[in-house]
Amino acid sequence: MIPVRNIYYMLSYAFQTLNESCYKKLATEEFHNVAELCAAILVKGVAAQIKRGLRYEYNETLADMTTIRGRLDLAESIKSGGIWKKRPMCVFDEFTVNSYPNRIIKTTLFYLITAPITQTRRREIRRLLNYLGDVEPIAPRDVNWNLRFDRNYSSYRMIIGVCYLALRGLIQTTNAGKMKLMEFLDEQATHRLYERFIREYYRKERPKFKVAADYIPWALDEEEGGDGALPVMKSDVTITANGKTLILDAKYYNRPMRTNFGVKKHLSSNLYQIFAYVKNLTVARQLDPRDVAGVLLYAQTDDEEAIKSDYTISGSRICTRALDLNRDFTGIATKLNSIVDEFLDER
């Protein structure tokens, strides 16, 4: 399991908002588990958002009215009997605090109260819930995490990101369809954080490099126009510097390798994927294969052995590396820097 302190550092890179003054104190606190860390961040973040102003949205509302408002729903009016009681059913847009992001926040806070956190943190969460009295929670399994954040409410991005980690880590659906509490983040939630952390780390610490989650074109023959059925190829991290390109594919697995007849082997699908990225980018952009490399960057946790393989395929280096998330964060940063220095040097 990744140390909670490193989870905080990863979050601070993934969401630069955590570097604001109101969160500075969190960097010196000790957290016994991830739930406590998420609760601490949300208490600060939601309180700050309440001061700035909670997000309001226009929601379509159906209600019986004494006068016509919005659009008359004749079918519902007849069904409810409202048309005979002179209270017709109307459909109208209502500007309300019951916006979808606020509903996610309230849902997460509800479940954090039942998590293994301190009584002080529980009291802080209950105090925040008083400001969300008109907000309706959502069933955790029904939450849609694909949200867009406009400029006016960009501060919600970090809050919803932490809600995702907390809710995915605390709640799990059993085979019987019931919800149960978990103590730690699940693999999928941690993978999303791991991927974003790596990308944002390089953006901040290596500002001279061009860093992006890049769309990779298929190297179609000129006569092939494409029918739109090909899947989209998008890298986790593409770094360009010194005339060279490095494609990083972040992988977070509890067991990144499989054993076959006593021999440890890489997952074939991962190697196929990174090779497809490198090969198509090289051909589509007419690059020298020697100037394009692909690295599967596995998160090495617990007692997994170090993973390091080097291959040259069609002129390009295809490699695997491991990032030990259990070590001190200084060591993590050193490893990340050494990877790009190895592949993007000026020679």
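The shown structure was predicted, so the numbers you read here are calculated from the model rather than taken from an experiment.

**Q** Which parts of the structure should I look at to understand the pairing of strand 15 (residues 316-324)?
**A** Along any regular strand, the residues point their side chains to alternate faces of the sheet. Where burial is concerned, most of strand 15 is hidden: seven out of the nine residues are buried. As paired elements, strand 14 (residues 309-313) and strand 15 share five bridges and run antiparallel to each other. Directly across from Tyr 311, in strand 15, lies its bridge partner Ile 318. The loop that links strand 14 with its antiparallel partner strand 15 comprises two residues; one of these, Ser 314, has a positive phi angle of about 55 degrees.

**Q** For this particular structure, what's the right way to read the environment of Asn 19?
**A** Along the chain, the position of Asn 19 falls in the loop between helix 1 (4-14) and helix 2 (34-52). Apart from the residues lying within four places of it in its own chain, the contact partners of Asn 19 are Ser 12, Lys 24 and Lys 204.

**Q** Sorry if this is basic, but what is going on with helix 2 here?
**A** In an α-helix, one full turn covers 3.6 residues, which means residues spaced three or four apart are oriented alike. The terminal C-alpha atoms of helix 2, which comprises 19 residues, lie 27 Å apart, in line with the 27 Å expected from a rise of 1.5 Å per residue. In terms of burial, helix 2 is a largely internal element, 15 of the 19 residues being buried.

**Q** Is there a simple way to explain the pattern of salt bridges in this structure?
**A** Two side chains of opposite charge can pair, provided their charged atoms sit close to one another. Enumeration over the complete set of coordinates arrives at 12 salt bridges. Between Glu 200 and Arg 203 there is a salt bridge; the shortest N-O distance is 2.7 Å. With Glu 200 and Arg 203 both in helix 7 (residues 187-205) and three residues apart, this pair spans about one turn of that helix. Judged by its relative accessible area of 13%, Glu 200 is buried. By relative accessible area, which is 37% here, Arg 203 ends up partly exposed. The partner of Asp 249 in a salt bridge is Lys 251, with the nearest N and O atoms 3.2 Å apart. The exposure class of Asp 249 is buried, given its relative accessible area of 2%.

**Q** Whenever I open this one, the nonpolar core confuses me. Can you help?
**A** For soluble globular proteins, nonpolar side chains are generally found buried alongside one another. By size, the foremost hydrophobic cluster in this structure holds 82 residues, and its most contacted members are Tyr 194, Phe 197 and Tyr 202. No other element matches helix 2, which puts 11 residues into this core. In this structure, Phe 197 is in contact with Met 10, Tyr 13, Ala 14, Leu 323, Phe 329, Ile 332 and Leu 336, ignoring residues within four places of it in sequence. The next biggest cluster of nonpolar side chains, apart from the first, holds 13 residues, and it includes Ile 247, Ile 274, Leu 296 and Ile 307.

**Q** What exactly am I supposed to notice about the confidence of the model for the protein here?
**A** Low-confidence regions, as indicated by low pLDDT, have predicted coordinates that should not be scrutinised in detail. Per-chain confidence: the protein averages 80 in pLDDT, with 81% of residues scoring 70 or above. Taking the mean pLDDT of every element in the protein, the minimum, 41, falls on strand 5 (residues 179-181) and the maximum, 93, on strand 9 (residues 237-241). Across residues 172-184, confidence stays below pLDDT 50; counting only partners more than four residues off in sequence or on other chains, it has 25 contacts.

**Q** Would you mind going over the packing of helix 4 (residues 100-113) against helix 5 (residues 119-129) with me for this structure?
**A** Any two packed helices are characterised by the angle at which their axes cross and by the distance between the axes. At a minimum axis separation of 10 Å, helix 4 and helix 5 run at an interaxial angle of 150 degrees. As the angle between them shows, helix 4 and helix 5 are arranged roughly antiparallel. When you trace helix 4 past helix 5, the crossing you get is left-handed. Where helix 4 abuts helix 5, its residues Lys 106, Leu 109, Phe 110, Leu 112 and Ile 113 lie against Arg 122, Ile 125, Arg 126, Leu 128 and Leu 129.

Reading the values: rules and limits
Residues numbered from 1 in each chain as written. Predicted model: local features only at pLDDT ≥ 70, side-chain atom pairs only at ≥ 80, totals over all residues. Heavy atoms only, no water. Buried < 20%, exposed > 50% of the residue type's maximum accessible area, 1.4 Å probe, protein only. Helix = DSSP H or I, 4+ residues; strand = E, 2+ residues; numbered from the N terminus. Pairing = 2+ DSSP bridges. Contact = heavy atoms within 4.5 Å. Expected span 1.5 Å × (residues − 1). Salt bridge = Lys/Arg side-chain N within 4 Å of Asp/Glu carboxyl O. Core = buried A, V, L, I, M, F, W, Y, C linked by side-chain atoms within 4.5 Å. pLDDT = per-residue confidence, 0-100. Axes fitted to C-alpha atoms, helices over the stretch in contact; angles between N-to-C directions. Parallel < 35°, antiparallel > 145°, perpendicular 65-115°, else oblique. Left-handed = near helix turned anticlockwise from the far one by under 90°.

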